[in-house]
Amino acid sequence: TNNRVEVINGAYASASHLIMAITADTSDSKLLISGSASKFALTGVNGNDGAQSHVGRAGDNNLFRIENGAVVEGNNRIVLGAQSTSTNNKVEIVNGSLSGTGVEIYQQGNVLLTNGTLDLIQWFDDDLETYKGGGILAKNPLATFTFNSGTIKSVNADVTNSAPFAVGTGGATPATYFMRTDQA
């Protein structure tokens, strides 16, 4: 509860995956990646294996923010709200970049993209011998994906949360959404 980790001012950090708020009684933690040349690598366990990184796995009010030219790269699926106790968790990309194998919002949570880049590719499931993921998933009516400006590249999107999926807010800064074919 109330933990804070910062990768700032050109620092570099790496991990196979990330889990914020493992239990329901953990909340209000923040992971900040900020500043040009600041980088956080989420490597997965066995290369492009679709490892999951959780923002608020069970707890609430957790924030993963990428800003001011910072980069988060790798091959993890970013998952918000894996359990029903997980609410109000956020991923914010503001003038930053996130690459991975998916963004999945299961409970009440929000992903915000403003003047940033979200680049998603598929991952290979060795057990099923097929490619999976590579997209945006938001099916819960309380899940929101706010795409103000910047660029999204993904293989697929399943945003059936009963809210429109708007590309851009109509402001001076453009928003571009690229739907591409399988790419791993």
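Structure's up top.
Here the structure is a predicted model, which means the values were calculated and not measured.

Caption draft 1: A look at the overall build of the protein. A tally of helices and strands in the protein yields 0 helices and 21 strands. Taken over C-alpha atoms, the radius of gyration comes to 15 Å for the protein, in line with the 16 Å a tight globule of 184 residues would show. Taken over the C-alpha atoms alone, the protein extends approximately 45 × 40 × 35 Å along its principal axes. Sequence separation of at least 24 residues holds for 73% of the intrachain contacts in the protein that already meet a minimum separation of 6. Surface summary for the protein: the accessible area is close to 8400 Å², and the carbon and sulfur share equals 48%.

Caption draft 2: Just the packing of aromatic side chains, in detail. On inspection of all chains with the given rule, the structure shows 3 aromatic pairs. Seen in terms of ring centroids, F124 and Y131 are 5.1 Å apart; in terms of plane orientation they differ by 65°. Their pairing is edge-to-face. One aromatic cluster in this structure is built from F145, F165 and Y177. Here K153 stacks its cationic end above the ring of F178, 5.9 Å away from the centre of that ring.

Caption draft 3: Molecular detail of the sheet that holds strand β21 (residues 175-179). An order of β2-β5-β8-β11-β14-β19-β21 is seen for the 7 strands of this open sheet, with the pairing classed as parallel. Because the sheet does not close on itself, it has two edges, and the strands there are β2 (12-15) and β21. Strand after strand, the sheet turns through a mean of 10° between neighbouring axes, direction not considered.

Caption draft 4: Representation of the pattern of salt bridges. Going through the model one piece at a time under the given rule, you end up with 8 salt bridges. The closest approach of N and O atoms between R4 and E6, which form a salt bridge, is 2.6 Å. For E92, the salt bridge identified is with R65, shortest N-O distance 2.5 Å. Placement of E92 in strand β10 (residues 89-94) and of R65 in strand β7 (residues 63-67) is noted, with a sequence separation of 27 residues between them. Both residues of the pair, E92 and R65, count as buried. Here the salt bridges do not stand alone but share partners, grouping R65, E67 and E92 into one network.

Caption draft 5: Summary view of the sheet that holds strand β12 (residues 102-105). Taken in spatial order, the 6 strands make up an open sheet running β3-β6-β9-β12-β17-β20, and their pairing is parallel. The strands lining the two open edges of the sheet, one partner per strand, are β3 (19-20) and β20 (156-159). Alignment of strand β6 (residues 52-55) against strand β9 (residues 77-80), held across 4 bridges, turns out to be parallel. Bridge pairing in β9 links H54 to V79.

Caption draft 6: View of unusual backbone geometry. The phi angle at N2 is positive, at roughly 55°, despite the residue not being glycine. Here N2 lies in the segment before β1 (4-8). Taking relative accessible area as the criterion, N2 reaches 56% and is therefore assigned exposed. Despite not being glycine, D28 has its phi angle at roughly 60°, a positive value. Along the polypeptide, D28 turns up in the loop between β3 and β4 (30-34). Exposure remark for D28: the relative accessible area of 36% places this residue in the partly exposed category.

Thresholds applied
- Residues numbered from 1 in each chain as written.
- Predicted model: local features only at pLDDT ≥ 70, side-chain atom pairs only at ≥ 80, totals over all residues.
- Heavy atoms only, no water.
- Helix = DSSP H or I, 4+ residues; strand = E, 2+ residues; numbered from the N terminus.
- Rg over C-alpha atoms; globule rule 2.2 N^0.38 Å.
- Contact = heavy atoms within 4.5 Å.
- Areas by Shrake-Rupley, 256 points an atom, 1.4 Å probe, with all protein chains shown as cover.
- Phe/Tyr/Trp six-rings, centres within 6.5 Å; stacked < 30°, edge-to-face > 60°.
- Lys NZ or Arg CZ within 6 Å of the ring centre and 35° of its normal.
- Pairing = 2+ DSSP bridges.
- Axes fitted to C-alpha atoms, helices over the stretch in contact; angles between N-to-C directions.
- Salt bridge = Lys/Arg side-chain N within 4 Å of Asp/Glu carboxyl O.
- Buried < 20%, exposed > 50% of the residue type's maximum accessible area, 1.4 Å probe, protein only.

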